[in-house]
Amino acid sequence: MLLDRYESLFFNANFKEAASEAGWVAYRGELVLKEGEVADAQGRRKPPHEVLKQAALLAEGDELKLITGSLDALQHFPSLLEKYGADLKPGAQGIFFTVNIDKPFVSTINGVPVAFVPLVQGMAWNELIDLVALEKGDFKGQSSADKVVTVYNALKETKFKYPEVSLDEAMSKTNNAKRENHGAI
């Protein structure tokens, strides 16, 4: 299974579980993009340098069907491609909420149209649900993994009307925005 291969790169995992449909497995949590240095003789690592925050992955067997989450900077996307790009194939869905971009755009990566949407504050999962026009009732009685499948199915039917921009061009137009976190006072 594809997600079993990724398991060592899961960070702050919420869940990894099978969906009710045989062969489908979902993950939510953070996904390591650039690992921390080895900290000791046992091979334990320091915290990662870059992560895909609020990540959601969906795989059917050894095929990646969905990868989504929040990038602190568009410049972290090449690290994602380095680790996971080989599994990004036609039929997959990719959408990344990115802090340091001004406008949404689509870029074709390995034959997959990948959407990048600006998001400085908020939850990537909630924004994703809004983008595909799902409501709480659409998830009633579903397991965590089945909710990811529901979002994937809605994404397959969604055609983003964002301009097509090459990744190189988009990286030359990023801003200096930082993630805004609001918590308990």
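The following paragraphs examine the structure supplied in this document.

## Some details on the pattern of salt bridges
Enumeration over the complete set of coordinates arrives at 10 salt bridges. Put simply, Lys16 and Glu7 hold a salt bridge, and the shortest N to O gap is 3.1 Å. According to the relative accessible area criterion, Lys16 is partly exposed, its value standing at 30%. Since its relative accessible area comes to 41%, Glu7 is described here as partly exposed. With a closest N to O distance of 2.6 Å, Arg44 and Asp40 form a salt bridge.

## Let's talk about the packing of aromatic side chains
Evaluation of the coordinates by the stated rule reveals 8 aromatic pairs. For the ring pair Phe77 and Phe116, a centre distance of 5.0 Å and an interplane angle of 85° mean the geometry is edge-to-face. Of this pair, Phe77 sits in helix H2 (residues 77–84) while Phe116 sits in strand S7 (residues 112–118), placing them 39 residues apart in sequence. Grouping residues by exposure puts Phe77 and Phe116 together as buried. Between the aromatic rings of Phe105 and Phe116, the centroid separation amounts to 4.9 Å while the plane-to-plane angle is 15°, which identifies the pairing as stacked. Highlighted residues: Phe105 in strand S6 (residues 105–109) and Phe116 in strand S7, separated in sequence by 11 residues. Taking relative accessible area as the criterion, Phe105 reaches 5% and is therefore assigned buried.

The rules behind each value
Residues numbered from 1 in each chain as written. Predicted model: local features only at pLDDT ≥ 70, side-chain atom pairs only at ≥ 80, totals over all residues. Heavy atoms only, no water. Salt bridge = Lys/Arg side-chain N within 4 Å of Asp/Glu carboxyl O. Buried < 20%, exposed > 50% of the residue type's maximum accessible area, 1.4 Å probe, protein only. Phe/Tyr/Trp six-rings, centres within 6.5 Å; stacked < 30°, edge-to-face > 60°. Helix = DSSP H or I, 4+ residues; strand = E, 2+ residues; numbered from the N terminus.

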